[in-house]
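Fold and geometry: a report
Listed here are the chains, written in short residue letters.
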Amino acid sequence: MSRNFIIIGEWKAGTFRQVTYEALQCARSMMNRQDQLHAAVVWDEDMDQEELGALLPVHTIHVFRSKNKGASATACIQEGIKTLRDRFAEKGESIDVIILGHTALGRDTAPLLSCMLSAGLITDIVDMTTIDEDFVFTRPLYAGKAFEQVQPRDFPFVLTVRPNNLPGKPSSSTAVVHGVSLETISIFESGTPKLIKEAEETKQDGETDLSEASVIVSGGRGVKSKEGFQPLKELAEQLNGAVGASRGACDADYCDYGMQIGQTGKMVTPDLYIACGISGAIQHVAGMSQSKTIIAINKDPDAPIFQIADYGIVGDLFEIVPLLTRAIQQHKSTR
Ligand SMILES: Cc1cc2nc3c(=O)[nH]c(=O)nc-3n(C[C@H](O)[C@H](O)[C@H](O)COP(=O)(O)OP(=O)(O)OC[C@H]3O[C@@H](n4cnc5c(N)ncnc54)[C@H](O)[C@@H]3O)c2cc1C
């Protein structure tokens, strides 16, 4: 029996986000030879349709474009998937699995798709395996203090994958794509009006997307001012990383909320997380505890952040961070 898998691609700055490839790999590891892999992506002005096929090796890429420019991506995907569902049904087929990134878009959209398709929903997957031909997905609980393994009872189901956890490398352009189809979706006609009058992108320092960065240097209230982030930016630059923040730093207006990491901010899983002047409140830890290596710099030896850190440095961040930056610069110049 052939099944249809759909990954929801996220397009940013002229390419697909890394999490799209992680969703793709997740789908591939579940598929049999006769199954078909589709991608769906919301039309973006800077999207080059000719190049799409080379970027994403799937059977068909469905590009959804809303007639209404102000419609949200979530509403657009919902309508687009509804159209695909009906089209598959005409051929006697169905949508069996949908995979999204566990991003702002994925978290918004996955529950809606799950309801619409009467499908199971498993969110925030950090690992997957197959036991006796059944898929078993691992997801964190209680802000990363525990993990549960979940098995979908039946098809269809919807998954969201946490960025930076499953393998997924950008595709080679040699893959065969059978087609790119452009669907223009009429959001208002089908009764899911959702109009965003104005959208402002949250500011984030540097080019690297926090949720996909492999190195993050993060600052807390201990940086003491906007200017206090400067040494952290320099360290991040040396490490090709991104700069994040605790809510304490955001609330104090030292940086933008787009940089906030934690329960009510971004969930990150970098290879290296350097927490500078961050106490380690549970709400912050919830967003970064899955980082592969954690270094904490704090002048209070009893700060809770040291309980989850792999390496701890007790001292003043304004002395230690520039020392680290210089050491890395020196190391690079002697290579
Ligand atoms: C519902 C809810 C949701 C929340 N969501 C989030 C969230 O998503 N993300 C988040 O981060 N928080 C969140 N919080 C807030 C959280 O509880 C903490 O208040 C916040 O994380 C504290 O930020 P901080 O560690 O930067 O500040 P503080 O707790 O004030 O810690 C500052 C640290 O800096 C150290 N320090 C000071 N000066 C220096 C120096 N010169 N060198 C080295 N160390 C120094 C101090 O020893 C201290 O440990 C949430 C709270 C609630 C109630």
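Located above this text is the structure these notes cover.
So, here is what we can say about the structure in this document.

Conventions adopted
- Residues numbered from 1 in each chain as written.
- Predicted model: local features only at pLDDT ≥ 70, side-chain atom pairs only at ≥ 80, totals over all residues.
- Heavy atoms only, no water.
- Helix = DSSP H or I, 4+ residues; strand = E, 2+ residues; numbered from the N terminus.
- Buried < 20%, exposed > 50% of the residue type's maximum accessible area, 1.4 Å probe, protein only.
- Contact = heavy atoms within 4.5 Å.
- Areas by Shrake-Rupley, 256 points an atom, 1.4 Å probe, with all protein chains shown as cover.
- Near = heavy atom within 4 Å.
- Polar contact = N/O pair within 3.5 Å; in protein donor to acceptor, adjacent residues only side chain to side chain.
- Phe/Tyr/Trp six-rings, centres within 6.5 Å; stacked < 30°, edge-to-face > 60°.
- Lys NZ or Arg CZ within 6 Å of the ring centre and 35° of its normal.
- Core = buried A, V, L, I, M, F, W, Y, C linked by side-chain atoms within 4.5 Å.
- Expected span 1.5 Å × (residues − 1).
- Arc of directions from axis to C-beta.
- Pairing = 2+ DSSP bridges.
- Axes fitted to C-alpha atoms, helices over the stretch in contact; angles between N-to-C directions.

As for the overall build of the protein chain
- On a plain count of helices and strands, the protein chain comes out with nine helices and 17 strands.
- Of all 335 residues assigned to the protein chain, the portion counted as buried reaches 50%.
- Here the contacts in the protein chain between residues at least 6 apart in sequence split such that 64% fall between residues at least 24 apart.
- Surface accessibility of the protein chain: about 16,600 Å² in total, with carbon and sulfur atoms responsible for 48%.

Concerning the site of the ligand
- The environment of the ligand is made up of 26 residues, and the closest members are R221, S246, T264, S279 and N298.
- Within the side chain of K224, a nitrogen or oxygen atom sits 2.9 Å from a nitrogen atom of the ligand.
- Note that a nitrogen atom of the ligand is positioned 2.9 Å from one of the backbone N or O atoms of L317.
- Considering the ligand on its own, with 980 Å² of exposed area, one finds that the protein chains cover 76% of that surface.

What to know about the packing of aromatic side chains
- The final tally for this structure, using the stated rule, is five aromatic pairs.
- Within the aromatic cluster, the residues linked to one another by ring pairs are F135, F137, F155 and F157.
- Against the face of W43 rests R65, its NZ or CZ located 4.8 Å from the ring centre.

Side note on the nonpolar core
- I7, M30, L56, I99, F137 and L159 are the most contacted members of the largest nonpolar core, which totals 32 residues.
- Secondary structure elements with two or more residues in this core: β1 (4-8), α1 (18-30), β4 (36-42), β5 (60-66), β6 (97-101), β7 (120-125), β9 (134-141) and β11 (157-161).
- Top element by residues in this core is α1. It accounts for seven residues.
- Residues within four places of I7 in sequence aside, it is in contact with T20, A23, L24, A27, L37, H38, A39, A40, L56 and I99.
- Grouped together as the second largest cluster of nonpolar side chains are 23 residues, A236, V243, M259 and V321 included.

Side note on helix α9 (residues 317-333)
- Between the first and last C-alpha of α9 there are 24 Å, a value that for 17 residues agrees with the 24 Å anticipated at 1.5 Å per step.
- Taken together, the buried positions of α9 are occupied by L317, I320, V321, T325 and I328. Taken down its axis, α9 places every buried residue within 135° of arc, on the same side. In α9, the exposed positions that point more than 90 degrees away from the buried face belong to E319, L323, Q330 and S333.

A closer look at the sheet that holds strand β14 (residues 242-245)
- Strand order in the open sheet made by the five strands is β14-β13-β15-β16-β17, with parallel pairing throughout. Two strands in the sheet have a free side with no partner beyond their single neighbour: β14 and β17 (311-314). With direction set aside, neighbouring strand axes in the sheet form an average angle of 20°.
- Pairing of strand β13 (residues 215-219) with strand β15 (residues 272-276), which is carried by five bridges, proceeds in the parallel orientation. Its bridge partner being in β15, V217 is matched across the sheet by I274.
- Each of β13, β14 and β15 is contacted by helix α5 (residues 230-238), which is oriented at about 175° to β13, the strand it contacts most.
- Against the sheet, α9 makes contact with β15, β16 (293-298) and β17, and its axis sits at roughly 135° relative to β16, the strand it touches most.

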